[in-house]
Amino acid sequence: SQVWKLPEGLEPVAASGLVLTQVGYNVGMRPRLEKGDRAVVIGDGQVGHWAAQTLQHRGARVLMLGRHDDRLGLLRPGPEDRVVNTAANPNWMDQVRAWAPEGLQAVADTVGSIRTLEQLIPIMRHEGGISSAGFYGHEGRIDIQLLRNGELTLYAPSGWSKPRMDATLELLSQGALSTL
């Protein structure tokens, strides 16, 4: 039940971290969105990239927030996708607002930053979604009233399931997810 046959032609190394790749997939699949909706991904690590790639595959326009130019440079942006180095740009929220003048439909937090979430929540669209796989530790408290005001949904995916692993492997074999 925990062994997957790799599709013909898929580089085995590309699938070697499939459980972690599935975390990014899971984060990117949770929010409700339509093609062209704006989504912010917090985090430029592996899970952040896989969440961004999944959101892109679903048709979202993605803005990735991170602190490492080399990692941010790995995102394969579409024409409306962006990356912002928050360490180098203290006014990063202005860039997000300008990029998403009609608001954000989704926020995917892959690092566990309550402060960043709280800054983004006011510019989320009504009935938007937050998907979080970040680790918050003892600071992991969100004021539910902040979510209620915009009727936002919080998704807190954890773990893995066979259907999600299968779907992740399928996207990997299609080239929609890049791990190498």
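All of the points below concern the structure found in this document. Treat the numbers as computed from the prediction; the structure is a model and nothing was measured.

## Section: the environment of L55
Phase 1: With respect to the helices and strands, the residue L55 is situated in helix α2 (residues 46–57).
Phase 2: Sequence separation between L55 and A39 is 16 residues, and the spatial gap between their C-alpha atoms is 7.6 Å.
Phase 3: Apart from the residues lying within four places of it in its own chain, the contact partners of L55 are G28, L33, A39, V41, A60, V62 and A108.

## Considerations on helix α7 (residues 162–174)
Phase 1: Between its first and last C-alpha, α7 extends 18 Å over 13 residues, near the 18 Å set by a 1.5 Å rise per residue.
Phase 2: Restricting attention to buried positions, one finds in α7 the residues R164, M165, T168, L169, L171 and L172. For α7, the arc enclosing every buried residue in end-on projection is 160 degrees, short of the 170-degree limit, so these residues lie on one face.
Phase 3: Looking at the buried positions of α7, the neighbouring elements they touch are α1 (18–29) and α2.
Phase 4: At the C-terminal side of α7, G175 shows a positive phi close to 90 degrees.

## Some remarks on the pattern of salt bridges
Phase 1: In total, this model carries 7 salt bridges according to the counting rule given.
Phase 2: Of the charged contacts, one joins E127 and R32 as a salt bridge, the two residues approaching to 3.6 Å between their closest N and O atoms. On the criterion of sequence distance, the pair formed by E127 in strand β5 (residues 124–132) and R32 in the loop between α1 and β1 (38–42) is long-range, its members being 95 residues apart.
Phase 3: Residue classification places R32 among the exposed residues on the basis of a relative accessible area of 51%.
Phase 4: Here D37 and R125 are joined by a salt bridge, their closest N and O atoms 3.0 Å apart. One end of the pair, D37, is in the loop between α1 and β1; the other, R125, is in strand β5, and 88 residues separate them in sequence.
Phase 5: Looking at R125, the relative accessible area reads 30%, which means it is partly exposed.

Scoring rules and cut-offs
Residues numbered from 1 in each chain as written. Predicted model: local features only at pLDDT ≥ 70, side-chain atom pairs only at ≥ 80, totals over all residues. Heavy atoms only, no water. Helix = DSSP H or I, 4+ residues; strand = E, 2+ residues; numbered from the N terminus. Contact = heavy atoms within 4.5 Å. Expected span 1.5 Å × (residues − 1). Buried < 20%, exposed > 50% of the residue type's maximum accessible area, 1.4 Å probe, protein only. Arc of directions from axis to C-beta. Salt bridge = Lys/Arg side-chain N within 4 Å of Asp/Glu carboxyl O.

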